[in-house]
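Structural overview
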Amino acid sequence: MRFSWPDKRCVWLALNTIPGLGSSAFRSLLERFGDPEAVLEADPGELRKVEGVRKEVAQRIAKGEFGCDPVEEMRRVEGCNARLITYADPSYPALLREIHYPPMVLYAKGKDIPPDQSFIAVVGSRNATHYGLKTAERIGMGLARRGVGIVSGLAFGIDAASHVGCLRGRGFAVAVLGTGIDVVYPAANKGLFEQVADQGTLVSEFRMGTPPEPRNFPIRNRIISGLSRGVVVVEATKKSGSLITASFALDQGRDVFAVPGSIESYKSSGTHWLIKQGAKLVETTEDILEEIGHGAAVGEENHRGGRFSGTLIDTDSSEKKIHQVLGPYPVHIDEIVRISQMDPGEVLATLMKMELKGFVKQLPGKMFVREGPNG
């Protein structure tokens, strides 16, 4: 069957929306016929000779039974200031071509992904602890300041924190969506969605208007790892979707990194399991950079990847006593008083002073954690 297309990208969209046609069979068809237009004009019998193309799929292709109107879909893409990147496009990310099932059509919004840019994926729990959020943000910022971009999924928790860190470090952020490129999910991340589109790139393989269906997110995880040199899991349980991303990374020949947490935190059980399986333990940004062979150190960094300025804590003051009590996990003020054996009034006054200096952060419920140069 012959079709008339106003834009060659519509041909890619048309073939990409054929129900039952996966990316592997799509690639095989391209290898056999040369381009999508030739595929759509081929005889069903010829189509069936291609490995992976079932009879019903060959018939749908020959009859033009597309999953949506390709021309209208293209209008919607352009209407939200997005664009299509096809598998044949020179701007298609080179690393993503290497994976087993690369998306044949990518929807993108924002800047072009720099072809010579190195990326690291940072993933983890949506319901992260303060320790996890702080660590993800600092890894994102530390890598960005060293010229490494960050890929993640724009979800709550670790994903969002790593994107924020990357943007604050003036790095290039890539957010891989589990929805259509025109759908902001979660809605509370709208500001971050727009910031990534402005300073980096949003990408999706799902059609316009696709809602956040649960099955979409494991599917998109292969793209997160596929775009990256390695995957860092900051905080995750053993049943976390982040371990699916790590599994994809291993299958794709990527490095897998894991950040250790407290042995008392079940949210670190997945990262500890990864370390036991051979994932590289990450204590510093340098651990990641050394593994991927990325340049020499630039400037002084603290042990979680961010760079800080300011005066260190006076080692002879009450601040040191409190600092020794605190760590990356929240501690209640009553526990600080008990362990430090200081007067409650002195503890409160010292904590306020340390918070003003940026050495301590107060959380809800009179909980405190370390921050800043000594954090």
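Residues numbered from 1 in each chain as written. Predicted model: local features only at pLDDT ≥ 70, side-chain atom pairs only at ≥ 80, totals over all residues. Heavy atoms only, no water.

On to the confidence of the model for the protein chain, then. Averaged over every residue, the pLDDT of the protein chain is 88; residues scoring 70 or more account for 92%. Every residue in residues 296-312 scores below 50 in pLDDT, and together they form 42 contacts with partners more than four places removed in sequence or on other chains. (pLDDT = per-residue confidence, 0-100. Contact = heavy atoms within 4.5 Å.)

Okay, the state of the cysteines next. On inspection of all chains with the given rule, the structure shows 0 disulfides. Cys10 takes part in no disulfide bond, and the closest cysteine sulfur to it belongs to Cys68, at a distance of 9.8 Å. Cys10 sits in the buried class, given a relative accessible area of 2%. (Disulfide = S-S within 2.5 Å. Buried < 20%, exposed > 50% of the residue type's maximum accessible area, 1.4 Å probe, protein only.)

Attention now moves to the sheet that holds strand E11 (residues 360-363). Read from one edge to the other, the open sheet built from 3 strands follows the order E10-E12-E11, with strand pairing classed as antiparallel. Looking at which strands have only one partner, the edges of the open sheet turn out to be strand E10 (331-332) and E11. Inspection of the sheet shows E11 paired to strand E12 (residues 367-370) by 4 bridges, in the antiparallel sense. Across the sheet, residue Leu363 finds its bridge partner in E12, namely Met367. (Pairing = 2+ DSSP bridges. Helix = DSSP H or I, 4+ residues; strand = E, 2+ residues; numbered from the N terminus.)

For the coordinates displayed, the defined rule picks out 15 salt bridges. Between Glu286 and Arg146 there is a salt bridge, and its shortest N-O distance comes to 3.1 Å. Taken together, the residues span a long stretch of sequence, with Glu286 in helix H14 (residues 285-292) and Arg146 in the loop between helix H8 (130-145) and strand E4 (148-152) at a distance of 140 residues. (Salt bridge = Lys/Arg side-chain N within 4 Å of Asp/Glu carboxyl O.)

Right, let's talk about the side chain of Ser23 for a bit. In this structure, Ser23 sits in helix H2 (residues 23-33). Looking at Ser23, the relative accessible area reads 15%, which means it is buried. Those residues in contact with Ser23 that sit more than four places away from it in its chain are Tyr101, Pro102 and Met104.

A few words now on the packing of aromatic side chains. Applying the stated criterion across every chain, the model contains 4 aromatic pairs. An angle of 20° between the planes, with centres 5.7 Å apart, marks the rings of Trp12 and Phe26 as stacked. Of this pair, Trp12 sits in helix H1 (residues 8-16) while Phe26 sits in helix H2, and the two are 14 residues apart along the sequence. Each member of the pair Trp12 and Phe26 is classed as buried. An angle of 70° between the planes, with centres 5.3 Å apart, marks the rings of Tyr87 and Tyr92 as edge-to-face. Across the pair, exposure class does not vary: Tyr87 and Tyr92 are buried alike. Here the basic side chain of Arg32 rests over the ring of Phe33, its NZ or CZ set 4.6 Å away from the ring centre. The ring of Tyr87 carries Arg97 above its face, with NZ or CZ at 5.1 Å from the centroid. (Phe/Tyr/Trp six-rings, centres within 6.5 Å; stacked < 30°, edge-to-face > 60°. Lys NZ or Arg CZ within 6 Å of the ring centre and 35° of its normal.)

When two helices pack together, their arrangement is given by the angle between the helix axes and by the axis-to-axis distance. Their axes nearest at 8 Å, the elements helix H11 (residues 216-226) and helix H12 (residues 241-251) cross at an angle of 50°. If you check the angle between H11 and H12, you find them oblique. Our pair here, H11 against H12, has a crossing hand that is right-handed. Here H11 contributes Pro218, Asn221, Arg222, Ile224 and Ser225 to the contact with H12, which in turn contributes Gly241, Ile244, Thr245, Phe248 and Ala249. Considering only residue class, the contact of H11 with H12 consists of 5 nonpolar, 4 polar and 1 charged. (Axes fitted to C-alpha atoms, helices over the stretch in contact; angles between N-to-C directions. Parallel < 35°, antiparallel > 145°, perpendicular 65-115°, else oblique. Left-handed = near helix turned anticlockwise from the far one by under 90°. Nonpolar A, V, L, I, M, F, W, Y, C, P; charged D, E, K, R; others polar.)

H11 sits mainly inside the fold: 9 of its 11 residues count as buried. All buried positions along H11 are accounted for by Asn216, Phe217, Arg220, Asn221, Arg222, Ile223, Ile224, Ser225 and Gly226.

At their nearest, the axes of H8 and helix H9 (residues 158-168) sit 7 Å apart, and the two run at 35° to each other. The interaxial crossing formed by H8 with H9 has right-handed handedness. Of the residues in H9, those in contact with Gly132, Leu133, Ala136, Glu137, Gly140, Met141 and Ala144 of H8 are Ile158, Ala161, Ser162, Val164, Gly165, Cys166 and Arg168. Counted by class, the contact of H8 with H9 contains 8 nonpolar, 4 polar and 2 charged residues.

Leu21, Leu29, Ile61, Val122, Val174 and Val232 are the most contacted members of the largest nonpolar core, which totals 95 residues. Per element, the largest residue contribution to this core is 6 residues, and it comes from H1. Not counting chain neighbours up to four residues away, the residues in contact with Val232 comprise Ile120, Ala121, Val122, Val123, Ile139, Phe257, Val259 and Ile288. Counting residues in each nonpolar core, the second largest holds 14 residues, with Val331, Ile333, Phe359 and Phe368 among its members. (Core = buried A, V, L, I, M, F, W, Y, C linked by side-chain atoms within 4.5 Å.)

Let us look at unusual backbone geometry. In this model, Tyr185 is joined to Pro186 through a cis peptide bond whose omega is -5°. By the element assignment, Pro186 lies in the loop between strand E5 (173-176) and helix H10 (190-199). Of note, Leu154 is a non-glycine position whose phi angle comes to about 65°, a positive value. Counting through the fold element by element, Leu154 comes out in the loop between E4 and H9. On the basis of relative accessible area, Leu154 is assigned to the buried category, the value being 0%. Look at Lys366: it is not a glycine, yet its phi comes out positive at around 55°. For Lys366, the position within the fold is in the loop between E11 and E12.

The next thing to look at is the pairing of strand E2 (residues 105-110). Alignment of strand E1 (residues 83-86) against E2, held across 4 bridges, turns out to be antiparallel. Following the sheet pairing, Arg83 is matched in E2 by Ala108. Where E2 and strand E6 (residues 201-204) come together, 4 bridges link them in antiparallel fashion. The partner of Lys109 across the bridge, within E6, is Leu202.

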